[in-house]
Amino acid sequence: MGRAVIINSIRFILLIATQVFLFKNIGYYNLSIPYLYILFILLLPFGIPNTLLFVLAFFTGITVDVFYDTLGLNAIACTVMAFVRIVFISVTVQRDGFDNEPEPSLGIMGFRWFIFYAVILTFFHHLILFSFETFKFSELGFTLIRVVLSTFFTVFLILITEFAFFRKKIR
Amino acid sequence: MRNLWLFISKYNAFFLLVIFFTISLILLINNNSYQRASVWNSSNQLVGTAYERVNEFSSYLVLGKTNDSLAAENARLRNLLKSSYYDDSVKQITVKDSVLKQQYTYTVARVINNSVHQKNNYLTINRGSKHGIKKGMGVIASSGVVGIVLNVSENFSTVRSLLHTETKISASVDGNIGSLVWGEGNYDSRFALLKDIQSHLTIKKGTRVITSEFSLFPPGTNIGYVTDSDTRDGNSALNIQVKLDIDFAKLQYVYVIINLLSEEQLNLEAQNKVE
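What you are looking at is a predicted structure, and each value in this text was computed from that prediction instead of being measured.

1. Some remarks on the overall build of chain B
Helix and strand counts for chain B come out as five helices and 13 strands. In terms of C-alpha radius of gyration, chain B reaches 39 Å, well past the compact-globule figure of 19 Å for 275 residues. Counting only C-alpha atoms and orienting by the principal axes, one finds that chain B spans roughly 140 × 45 × 40 Å. In chain B, buried positions account for 32% of the 275 residues. For chain B, long-range pairs separated by at least 24 residues make up 55% of all intrachain contacts whose partners lie at least 6 apart in sequence. Counting every atom, chain B has about 17900 Å² of accessible surface; 55% of that belongs to carbon and sulfur. Side-chain charges in chain B split into 28 positive and 23 negative, and the spacing between the mean points of these groups amounts to 14 Å.

2. A closer look at the overall build of chain A
The number of helices and strands found in chain A is seven helices and zero strands. Along chain A, helices and strands appear, N-terminal first, in the series α-α-α-α-α-α-α. Scaling as 2.2 N^0.38, a compact globule of 171 residues should have a C-alpha radius of gyration of about 16 Å, and chain A matches this with 16 Å. Dimensions along the principal axes, computed over C-alpha positions, put chain A at roughly 50 × 30 × 30 Å. Taken over 171 residues, chain A has a buried fraction of 51%. Sequence-distant contacts, at least 24 apart, represent 76% of the contacts inside chain A between residues at least 6 apart. Carbon and sulfur atoms provide 71% of the accessible area of chain A, an area that totals close to 8600 Å². The centroid of the 12 positive side-chain charges in chain A is displaced by 6 Å from the centroid of its 9 negative side-chain charges.

3. A few points about the interface of chain A and chain B
Listed as interface residues are 22 residues of chain A and, on the opposing side, 19 residues of chain B. The tally of links from chain A across to chain B stands at zero salt bridges. The interface formed by chain A and chain B holds five residue pairs in polar contact (both at pLDDT 80 or more) in total. For the side of chain A that touches chain B, the elements supplying multiple residues, two or more each, are α3 (50-68), α4 (73-92) and α6 (111-134) of chain A. In the side of chain A that touches chain B, the residues fall into 13 nonpolar, six polar and three charged.

4. Considerations on the nonpolar core
Most often, soluble globular proteins keep nonpolar side chains buried together rather than apart. Among the nonpolar cores identified, the biggest contains 60 residues, and Leu42, Phe54, Trp113, Phe114 and Tyr117 of chain A are the most heavily contacted of them. Looking at this core, the elements with two or more residues in it are α1 (2-21), α2 (39-42), α3, α4, α5 (106-109), α6 and α7 (140-164) of chain A together with α2 (12-31) of chain B. Of all hydrophobic cores here, the second largest spans 42 residues; its members include Val159, Ile223, Ile246 and Val254 of chain B.

5. Quick notes on the domain arrangement of chain B
What the domain assignment reports for chain B is domain 1 (2-77) and domain 2 (92-274). A C-alpha centroid distance of 76 Å is found between domain 1 of chain B and domain 2 of chain B.

6. A few points about the confidence of the model for chain A
For chain A, per-residue confidence averages 87 on the pLDDT scale, and residues scoring 70 or more make up 92% of the total. Across chain A, the element-wise mean pLDDT spans from 81 in α5 of chain A up to 93 in α2 of chain A.

7. Comments concerning unusual backbone geometry
For aspartate 69 of chain A, which is not glycine, the phi dihedral falls at a positive 65°. With respect to the helices, strands and loops of the structure, aspartate 69 of chain A is situated in the loop between α3 and α4. With a phi angle near 70°, aspartate 196 of chain B is a residue other than glycine that sits in the positive phi range. In this fold, aspartate 196 of chain B is placed in strand β9 (residues 191-198).

8. Considerations on the packing of α3 of chain A against α2 of chain B
With their axes 10 Å apart at the nearest point, α3 of chain A and α2 of chain B run at an angle of 20° to one another. Comparing the axis directions of α3 of chain A and α2 of chain B gives the class roughly parallel. As α3 of chain A runs across α2 of chain B, the sense of the crossing is right-handed. Counting all contacts with α3 of chain A, which are made through Asn50, Thr51, Phe54, Val55, Phe58 and Ile62 of chain A, the residues of α2 of chain B involved are Asn12, Ala13, Leu16, Leu17, Phe20, Ile23, Ser24 and Leu27 of chain B. In the contact of α3 of chain A with α2 of chain B, the residues fall into 10 nonpolar, four polar and no charged.

9. Let's talk about the sheet that holds strand β12 (residues 237-244) of chain B
All names here are of chain B. As summarised here, the arrangement of the six strands in space is β7-β8-β9-β12-β11-β10, forming a closed barrel in which the pairing is antiparallel. On average, each strand axis in the sheet is tilted by 40° relative to the strand beside it, whichever way the strands run. As defined by bridge partners, strand β8 (residues 176-181) adjoins β9 across three bridges and the pair is classed as antiparallel. Residue serine 179 lies in a different strand from β9, and its bridge partner there is lysine 195.

10. Focus: α2 of chain B
For α2 of chain B, which comprises 20 residues, the first-to-last C-alpha distance of 28 Å matches the rise-based estimate of 28 Å (1.5 Å per residue) to within 8%. Every buried residue belonging to α2 of chain B is among Ala13, Leu16, Leu17, Phe20, Ser24, Leu28 and Ile29 of chain B, and all of these are buried.

11. Structural notes on the pattern of salt bridges
All names here are of chain B. Scanning all chains against the criterion turns up four salt bridges over all chains. In this structure, arginine 190 engages aspartate 188 in a salt bridge whose closest nitrogen and oxygen atoms are separated by 3.1 Å. Taking the relative accessible area as the measure of exposure, aspartate 188 reaches 25% and is therefore partly exposed.

12. Some words on the pairing of strand β4 (residues 138-141) of chain B
Residue and element names in this part refer to chain B. Burial of the side chains of β4 extends over both faces: Gly138 and Ile140 are buried on one face and Val139 and Ala141 on the other. Where β4 lies against strand β5 (residues 144-152), four bridges are found, and the strand directions are antiparallel. The partner of glycine 138 across the bridge, within β5, is isoleucine 148. Where β4 folds back on β5, the antiparallel hairpin that results is connected by two residues.

13. Side note on the packing of aromatic side chains
Residue and element names in this part refer to chain A. For the structure shown, the criterion picks out 22 aromatic pairs over all chains. Centroid distance phenylalanine 12 to phenylalanine 59: 5.9 Å. Interplanar angle 20°. Geometry classified as stacked. With phenylalanine 12 in helix α1 and phenylalanine 59 in helix α3, this residue pair connects regions lying 47 residues apart in the sequence. When its relative accessible area of 15% is taken as the criterion, phenylalanine 12 is described as buried. Take phenylalanine 59: its relative accessible area is 48%, and that puts it in the partly exposed class. One aromatic cluster is present, built from ring pairs that chain together Phe46, Phe88, Trp113, Phe114, Phe116 and Tyr117.

Each value, and the rule that gives it
Residues numbered from 1 in each chain as written. Chains lettered and ligands numbered in written order. Predicted model: local features only at pLDDT ≥ 70, side-chain atom pairs only at ≥ 80, totals over all residues. Heavy atoms only, no water. Helix = DSSP H or I, 4+ residues; strand = E, 2+ residues; numbered from the N terminus. Rg over C-alpha atoms; globule rule 2.2 N^0.38 Å. Buried < 20%, exposed > 50% of the residue type's maximum accessible area, 1.4 Å probe, protein only. Contact = heavy atoms within 4.5 Å. Areas by Shrake-Rupley, 256 points an atom, 1.4 Å probe, with all protein chains shown as cover. Lys, Arg positive; Asp, Glu negative; His and termini not counted. Charge placed at Lys NZ, Arg CZ, Asp CG, Glu CD. Salt bridge = Lys/Arg side-chain N within 4 Å of Asp/Glu carboxyl O. Polar contact = N/O pair within 3.5 Å; in protein donor to acceptor, adjacent residues only side chain to side chain. Nonpolar A, V, L, I, M, F, W, Y, C, P; charged D, E, K, R; others polar. Core = buried A, V, L, I, M, F, W, Y, C linked by side-chain atoms within 4.5 Å. Domains from an automatic or database assignment. pLDDT = per-residue confidence, 0-100. Axes fitted to C-alpha atoms, helices over the stretch in contact; angles between N-to-C directions. Parallel < 35°, antiparallel > 145°, perpendicular 65-115°, else oblique. Left-handed = near helix turned anticlockwise from the far one by under 90°. Pairing = 2+ DSSP bridges. Expected span 1.5 Å × (residues − 1). Phe/Tyr/Trp six-rings, centres within 6.5 Å; stacked < 30°, edge-to-face > 60°.

Shown next as structure tokens:
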């Protein structure tokens, strides 16, 4: 338990730092913008209580928002993403039969499951993020293009990060 | 109560979503000027559209009243138009000359009614007996003969146009005097017919036709030019087609010719009949 808190805290700081200092300045014009920090919410342990998950997701979003000057925007996206995560995991994973505090990471869950998981969650996060950023229906087509392209970019970065810190564990 | 708690704890993810979503949304709208403006704008737009629809419908109920008020407004504005005032000022051009005695003076008049497509065409001008117009006076425009004053009221006169079957004007072409008529066979407002020119004469096309000394117009006033001349029906006189200089359809301002000596002339000629 204590180890998981420390690991996640370090991950949180590192991901937020790279997001606001590095990835904030990277993007393909206004079309494809990476949001790697959501990897923190992706990698929270399976056993986390729903309330804590929502609080952490909200807090992560608010932290990024403070740096981005868009208070509430990333928070709303992360909140929705947390809900999608809960639904997705409850549908695809049996809760019992885990080691203590496993994470939904690439090394543990396998490539197919993980990429599916990452794409779905990233898509919902970006969908909410960009549609609330645009805040009007008239530019729906353009917003969807941005969502899809940004999802590709973010998932690509998530996979790179996961392979870089790849740890094979036996379930 | 227990069931309610069970229900909430079973679907706690959804309720948490609602709670955090609401918090985030409130934060988003309160702290970002663009989103806040968008919310207010769209709600205003919604309300505005609803009002517009209702107003659109209710405006039909007062359509008659609106129509009346518009008509009254139109009438009021029409009264203010310059054209609804009668122009009473008269410009009379008189040249004072100590050597020559003035015979003709000209009075400017505006054509207020005109016709060119009838068999007998008349004009109405905005000058009448008040301005010294009398029956039988000649009327010209800047480029040629227009007609003869037919009837005179206090403020208006009617003019028997050149385009009238009974109008005959004494005209001369190359010094040969004939009479200019219109409406014998042709009803084209651009052409008139010059008759009574002896058929042994040859009149070239393009020769100018002017008023003669015998007409009530000042001698030498333009009428038009010859476009065709031939003998028809074995007559001894030529039929000369004359293209008129005036475009009667576009007549705006005319001059009424006041012949200062005509009374003297008429009195003298009247004595001949008495004897």
